[in-house]
Amino acid sequence: MSDVTVAIDNRVRLVAAVLAASQWPEYEQVQEPHAVHPHAKLTRHYVSDFADHPAVQSVNQALADQQLVLSDLFAAALRCTWATFEPLEELPPVYANGQWPGDWPRELDDFYTDSAVAAFFWADHENVWQEAAGELRRIFRNNALASFLGRLRGEPLSHNVVVVPNLVYPALETLVAATQDNLYLILPPPRAVGESPPWPYREDAGWVLAESCRKLSDFLLADTLVHLDAGRVALLRHAAVTLFLETAGGEEEALAYLVRSKKQHQLPQLPATVETLRHYLHQPGGKKLREVLRTSVT
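Quantities reported herein were computed from a predicted structural model and do not represent experimental measurements.

Visitor: What exactly am I supposed to notice about the environment of A256 here?
Guide: Looking at where A256 falls in the secondary structure, it is placed in helix α14 (residues 251-264). Taking the C-alpha atoms as reference points, A256 and L245, separated by eleven residues in sequence, lie 9.9 Å from one another.

Visitor: Please explain helix α15 (residues 270-281) as it appears in this structure.
Guide: Residues that lie three or four places apart on an α-helix share one face, since the helix turns once every 3.6 residues. Taking 1.5 Å per residue as the helical rise, α15 with its twelve residues ought to reach 16 Å, and the 16 Å between its terminal C-alpha atoms agrees with that figure. Along α15, the residues that are buried comprise L270, T273, V274, T276, L277, Y280 and L281. Viewed end-on, α15 has its buried residues packed into an arc of 165°, placing them on one side of the element.

Visitor: So what exactly am I meant to see when it comes to the pattern of salt bridges here?
Guide: Pairs may arise between side chains of opposite charge once their charged atoms sit close together. Going through the model one piece at a time under the given rule, you end up with 14 salt bridges. A salt bridge links D109 to R106; the shortest N-O distance between them is 2.7 Å. You can see D109 and its partner R106 sitting in helix α7 (residues 104-115), three residues apart, about one turn around the helix. When its relative accessible area of 15% is taken as the criterion, D109 is described as buried. Between R202 and E135 there is a salt bridge, and its shortest N-O distance comes to 2.1 Å. Taken together, the positions of R202 in the loop between β4 (182-187) and α11 (205-220) and E135 in helix α9 (residues 126-140) put the pair 67 residues apart, joining distant regions of the chain. Assessed through its relative accessible area of 46%, R202 is described here as partly exposed.

Visitor: Help me understand the sheet that holds strand β2 (residues 160-165) in this model?
Guide: Hydrogen bonds between backbone groups are what pair the strands of a sheet, and the pairing can be parallel or antiparallel. Spatial strand order, β1-β2-β4-β3: four strands in an open sheet with mixed pairing. This sheet does not close on itself; its edge strands, each paired only once, are β1 (4-6) and β3 (175-178). With direction set aside, neighbouring strand axes in the sheet form an average angle of 25°. Where β3 meets β4, four bridges bridge the pair, whose relative direction is antiparallel.

Rules used in this analysis
Residues numbered from 1 in each chain as written. Predicted model: local features only at pLDDT ≥ 70, side-chain atom pairs only at ≥ 80, totals over all residues. Heavy atoms only, no water. Helix = DSSP H or I, 4+ residues; strand = E, 2+ residues; numbered from the N terminus. Expected span 1.5 Å × (residues − 1). Buried < 20%, exposed > 50% of the residue type's maximum accessible area, 1.4 Å probe, protein only. Arc of directions from axis to C-beta. Salt bridge = Lys/Arg side-chain N within 4 Å of Asp/Glu carboxyl O. Pairing = 2+ DSSP bridges. Axes fitted to C-alpha atoms, helices over the stretch in contact; angles between N-to-C directions.

Okay, here's the thing in C-alpha cells:
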C-alpha cells in the first residue's frame, strides 16, 4: 500500500535556489504581487553572485521562450542522484531529447559545487527547514490521503507520496513531480493576507490538506479530467477535497470548504456533486468516474 511521508529533499532545495538566482522571482511578482518567505529572501541574496551561472541562464532562456515547465524542472532533478546528479531513470522528454538549452543535470551538479550552498548557507538555516518538515509531519500523521486518492482513482496508488516543504521558489505554486517510485508534492507555505509573509504550515492545516488533495487528484485523474468540461472539472476537484477534509480535517472543516468554494467559484451544483462522489466512493467497481459525473451532474 502507498504511504505518505514528509521529507526535506536537497535536490528540491537546489532547484529552488537556482530559481532564486534566476529571473523567476521577478516573473512571479509580475504574475501576482506577493510577499515571500524570509528564507526565500535570504536564499536569493546568497545566490545573487551566481546569476551568470549556466544553470541559471538555462532557466532564464526557458522562461524567455515560455518553455519552462516547473514540474518537469524538479522532476528531472528528482530522477537523479544526490549530489552528483547522475540520472537514475529516464528524464522528462524536454531534458532527454535536447530541447533544454543546456545539460540540466550537469548544470545542477556544477551549481551545487560552485555555489557551495549546502556548506555555507543551508548549514546555517537548517532549523527553519526542520521546523517546516515537523509541522507537515504532524498535519499528515495518520491521515488517509493515499487511500482516499486510490479510491477516487478506482485503484490503489502505485507510487508513494512524498510531501516536500518548499520555502523558496516557486512561492505561489504547489507542484507534483513524478519519479518511478514516488509522487513528490512540492508544497509552499500557506499565503497570508496582504503584504505579510506566508504563514507557517501549522497555522493553516486545512489549506495544506486541501491543496495536497487538489494537486494530487488533478495529477492522478488527468486521464479522466481531459474528458470533462471545465465546469465538471471544477466540481470534481472541489467535491473531492470536501470529502477528503471530512476524514482528515473533520466535518466542520469540510463544510466550511464546501460553502466557501460554492460561493467563490460559483458552483451551485457542488453539494449535489459531493453526494454523487460520496456514492461513487462507496460503490467500488461500478461506473467509471467520468461517466458518473457526466450523467449525474447537470
